[in-house]
Amino acid sequence: MKIGIVILNWNGLALLKRYLPSVVKYSGNHSLYLADNASTDSSIAWVQENYPSVHIIAMAENRGYAGGYNLALKSVEEELVCLLNNDIEVTEDWLLPVIQLFKQDPEIAAAQPLLLDDKKRSHFEYAGAAGGYLDRLAYPYCRGRIFNSIEEHKNQYAVTTDLDWASGAAFFVKKKAFGAVGAFDESYFAHQEEIDLCWRLRHAGYRIAIAVDSQVYHLGGGTLDTLNPKKTYYNFRNSLFNIVKNDHSSSWIGIIFLRMVLDGIAAWKFLLSGKAAHFMAVFKAHISFYLGLGNVWKQRAEVQRFSKIIVPKSKVYSIVYQYFVENKKQFLSLKSS
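Residues numbered from 1 in each chain as written. Predicted model: local features only at pLDDT ≥ 70, side-chain atom pairs only at ≥ 80, totals over all residues. Heavy atoms only, no water.

Enquirer: Help me get a handle on the overall build of the protein chain, residues and values and all.
Expert: Regarding its fold elements, the protein chain presents ten helices and 13 strands. Within the protein chain, the fraction of its 337 residues that count as buried is 56%. Put simply, of all contacts in the protein chain between residues at least 6 apart along the chain, 75% involve residues at least 24 apart. A total of about 15,000 Å² of accessible surface is found on the protein chain, and carbon and sulfur atoms cover 55% of it. (Helix = DSSP H or I, 4+ residues; strand = E, 2+ residues; numbered from the N terminus. Buried < 20%, exposed > 50% of the residue type's maximum accessible area, 1.4 Å probe, protein only. Contact = heavy atoms within 4.5 Å. Areas by Shrake-Rupley, 256 points an atom, 1.4 Å probe, with all protein chains shown as cover.)

Enquirer: If you had to explain the pattern of salt bridges to someone new, which residues and values would you point to?
Expert: In this structure the tally under the stated criterion is 16 salt bridges. Between Arg207 and Asp162 there is a salt bridge, with the nearest N and O atoms lying 2.7 Å from each other. Pair noted here: Arg207 is in strand S13 (residues 207–218) and Asp162 is in strand S11 (residues 162–163), with a separation of 45 residues, a long-range link. Given the relative accessible area of 25%, Arg207 is considered partly exposed. Asp162 gets classed as partly exposed once you look at its relative accessible area, which sits at 37%. Through salt bridges that share partners, Arg18, Glu89, Asp118 and Arg121 make up one connected network. (Salt bridge = Lys/Arg side-chain N within 4 Å of Asp/Glu carboxyl O.)

Enquirer: Residue-level account of the packing of aromatic side chains, with values.
Expert: Inspection of the entire model under this criterion finds 23 aromatic pairs. The structure contains a cluster of three or more aromatic residues connected by ring pairs, namely Tyr65, Tyr69, Phe171, Phe178 and Phe184. Geometry around Tyr19 places Arg18 over its ring, the cationic atom sitting 4.4 Å from the centre. If you follow Arg145 out to its NZ or CZ, it ends over the ring of Tyr126, 3.9 Å from the centre. (Phe/Tyr/Trp six-rings, centres within 6.5 Å; stacked < 30°, edge-to-face > 60°. Lys NZ or Arg CZ within 6 Å of the ring centre and 35° of its normal.)

Enquirer: Can you explain the state of the cysteines? Please cite residues and give values.
Expert: Evaluation of the coordinates by the stated rule reveals zero disulfides. Unpaired in this structure, Cys82 has its nearest cysteine sulfur neighbour in Cys198, at a distance of 13 Å. By relative accessible area, which is 0% here, Cys82 ends up buried. With no disulfide of its own, Cys142 lies closest to Cys198 among cysteine sulfurs, the gap being 12 Å. Its relative accessible area of 0% is what places Cys142 among the buried residues. (Disulfide = S-S within 2.5 Å.)

Enquirer: Lay out a nonpolar patch on the surface with the relevant residues and their values.
Expert: Residues Phe257, Leu258, Val261, Ile265 and Tyr317 make up a contiguous nonpolar surface patch of roughly 480 Å² in combined accessible area. Tracing the sequence through the fold places Ile265 in helix H8 (residues 252–272). Note on Ile265: relative accessible area 52%, which makes it exposed. (Patch = residues over 30% accessible without salt bridge, like charges linked within 9 Å, V, L, I, M, F, W, Y side chains within 5 Å.)

Enquirer: Describe helix H9 (residues 276–306), and please don't skip the residues or the numbers.
Expert: The terminal C-alpha atoms of H9, which comprises 31 residues, lie 42 Å apart, in line with the 45 Å expected from a rise of 1.5 Å per residue. Along H9, the largest kink reaches about 55° and is centred on Leu293. (Expected span 1.5 Å × (residues − 1). Bend = angle between axes of the 7 residues up to and from the residue.)

Enquirer: Report on the packing of helix H1 (residues 13–25) against helix H2 (residues 43–50), specifying residues and quantitative values.
Expert: Their axes nearest at 9 Å, the elements H1 and H2 cross at an angle of 30°. Taken together, the axes of H1 and H2 lie roughly parallel to each other. The crossing of H1 and H2 is right-handed. Contact with H1, carried on its side by Leu13, Leu16, Lys17 and Leu20, involves Ser43, Trp46 and Val47 of H2 and no other residues of that element. Of the residues contributing to the contact of H1 with H2, the split by class is five nonpolar, one polar and one charged. (Axes fitted to C-alpha atoms, helices over the stretch in contact; angles between N-to-C directions. Parallel < 35°, antiparallel > 145°, perpendicular 65-115°, else oblique. Left-handed = near helix turned anticlockwise from the far one by under 90°. Nonpolar A, V, L, I, M, F, W, Y, C, P; charged D, E, K, R; others polar.)

Written out as structure tokens, the structure reads:
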């Protein structure tokens, strides 16, 4: 099983110099691609000079994560692809457990490795940790990470298991399944598009998993760090899009209402903390959500047309309540309803 490893890049020369060598060294005879989102630095020239075996997919404009990968995958021949951030260091034999996972179960359409923090290697990394989940209100969290509480890696999540979503930082997906559910939603631009895609894959009857014996180290925030209000904007808006598009239960309208109330509380917390730009980002996210509602409603209908199963509701009702009120900071302490 040959994998097409696609690294999306935008002005990431310093990151490529730091992280690409490990990918080249430990990826054997698998194909490597640099999908460049119209960088203005010398990323492409440096890769061509130092790693001529890496295929270059040069795009004329910055299409973001979703648009960049959608276009890049049209030039990738392999059926199984790995969408890899340019700020990830891989480890020896990191691909073998992933290949074994996909070979063993044809129902698996997407998967991730274990994500550890490159800055603090004893701990999980925020973007995916040991696999992603959604609570009943569609808040994302991970085995090993709830909101900003990051757990130390002690092999407490050493079991391969089904997920609600796999991290977009190191995202393995079958191209046929990817195309069958409509690829990434390019209106998202960045953030939560992998959650949306995995939700649609589950509607289509596929499974999402984690190869826990595969480990990578992720820097995180290499392109858009957590202090950037744009990250807040995309996360808040796209999460609401996810609910409208993919929550087909009778309670979805109530969930949207409750989420927007909680968003308002978060916005005021930003303001009281002196983060006025993030306060405005939440406000702009809600305006953009309303403006995009017509298009998302059409997408909801499209998902319902190819849906084969009813995606079960999460057994965890509210991580917001458990985290902020009951002070539950670790995945294994969460209570199910």
